[in-house]
Amino acid sequence: LALLQLGMSESRRLGGTWAVPPEEFGAAVARIIAGCVESGFEPIFLGMPPFDETRTRDFGRERASYLGADRALYDAIVREQAKAAGYRYVDVAAALSGLPLDEILDVDGLHVNALGHHMIHELVTPLVRSRIVELKGVALAARAESPVLV
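Residues numbered from 1 in each chain as written. Predicted model: local features only at pLDDT ≥ 70, side-chain atom pairs only at ≥ 80, totals over all residues. Heavy atoms only, no water.

### So, the overall build of the chain
Reasoning step 1: Along the chain, the regular secondary structure elements total five helices and five strands.
Reasoning step 2: Starting at the N terminus and walking to the C terminus, you meet the elements of the chain as β-β-β-α-β-α-β-α-α-α.
Reasoning step 3: Burial statistics for the chain: of 150 residues in total, 37% are counted as buried.
Reasoning step 4: Sequence separation of at least 24 residues holds for 71% of the intrachain contacts in the chain that already meet a minimum separation of 6.
Reasoning step 5: Total accessible area on the chain stands at roughly 8700 Å², and carbon and sulfur atoms take up 59% of it.
Reasoning step 6: Each charge class in the chain can be summarised by its mean position, and for the 15 positive and 20 negative side chains these summaries are 4 Å apart. (Helix = DSSP H or I, 4+ residues; strand = E, 2+ residues; numbered from the N terminus. Buried < 20%, exposed > 50% of the residue type's maximum accessible area, 1.4 Å probe, protein only. Contact = heavy atoms within 4.5 Å. Areas by Shrake-Rupley, 256 points an atom, 1.4 Å probe, with all protein chains shown as cover. Lys, Arg positive; Asp, Glu negative; His and termini not counted. Charge placed at Lys NZ, Arg CZ, Asp CG, Glu CD.)

Next comes the structure, spelled out in structure tokens:
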């Protein structure tokens, strides 16, 4: 299994334009999915967490801007490609939407803090555990059916 969270840096705006245009980002996501398949990893895609747009304009040394509409657009690209390829997508922003941003975000308003990471962990861990059990069951069944593997 591979847990992947994509899009935050790519969706930022530098001087009003995207750091990575949506079409290029979509092509990159497709390459990541293909790379996972080629490497034998099953990806589980995590959507981007929410952020406080009032604190993410003119952000950092680059003076980047992070906008909620852009986060939603790039998340939709990941979600659609993951689902089209038959992989799981976890909508982190929706899962955390009922929590006050000040409680789950770092002071910069963009990155999740320890509680935010904990909440994402609590969201994802049951999915990962159940998928591992499923995969072990498939491996054990294949092993039982194999005349070579005992």
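From this point on, the discussion continues.
### Things to note about the layout of surface pockets
Reasoning step 1: Space inside the largest pocket adds up to approximately 190 Å³.
Reasoning step 2: Around the largest pocket sit 13 residues that line it, and Gln5, Met8, Pro49, Leu110 and His111 are the ones nearest its centre.
Reasoning step 3: For the lining of the largest pocket, the residue count by class is eight nonpolar, five polar and no charged. (1 Å grid on protein atoms, 1.4 Å probe; cavity = no way out; pocket = protein on both sides within 12 Å on 5 of 7 lines; lining within 4 Å. Points joined across faces, edges and corners; volume = space filled by probe spheres on them. Nonpolar A, V, L, I, M, F, W, Y, C, P; charged D, E, K, R; others polar.)

### A short note on the pattern of salt bridges
Reasoning step 1: The full count for this structure, using the stated rule, is eight salt bridges.
Reasoning step 2: Close ionic contact of Asp75 with Arg71 constitutes a salt bridge, the shortest N to O distance being 3.0 Å. Of the two residues, Asp75 and Arg71 are both situated in helix α2 (residues 68–84); the distance of four residues between them amounts to about one turn of the helix.
Reasoning step 3: Take Asp75: its relative accessible area is 3%, and that puts it in the buried class.
Reasoning step 4: In this structure, Glu134 engages Arg88 in a salt bridge whose closest nitrogen and oxygen atoms are separated by 3.8 Å. In this pair, Glu134 sits in helix α5 (residues 114–145) while Arg88 sits in strand β5 (residues 88–90), placing the two residues 46 residues apart along the sequence.
Reasoning step 5: Connected via shared salt-bridge partners are Glu42, Arg88, Arg131 and Glu134. (Salt bridge = Lys/Arg side-chain N within 4 Å of Asp/Glu carboxyl O.)

### Details of the nonpolar core
Reasoning step 1: In terms of nonpolar packing, the biggest core is built from 20 residues, with Leu6, Phe25, Phe45, Tyr66 and Val78 touching the most fellow members.
Reasoning step 2: At the level of elements, α1 (22–39) and α2 are the ones that each hand at least two residues to this core.
Reasoning step 3: Among residues more than four places away in sequence, those in contact with Leu6 are Phe25, Val29, Ile32, Phe45, Leu46, Met48 and Val78.
Reasoning step 4: In terms of nonpolar packing, the next biggest core, distinct from the first, is built from twelve residues, Val90, Leu96, Val112 and Leu127 among them. (Core = buried A, V, L, I, M, F, W, Y, C linked by side-chain atoms within 4.5 Å.)

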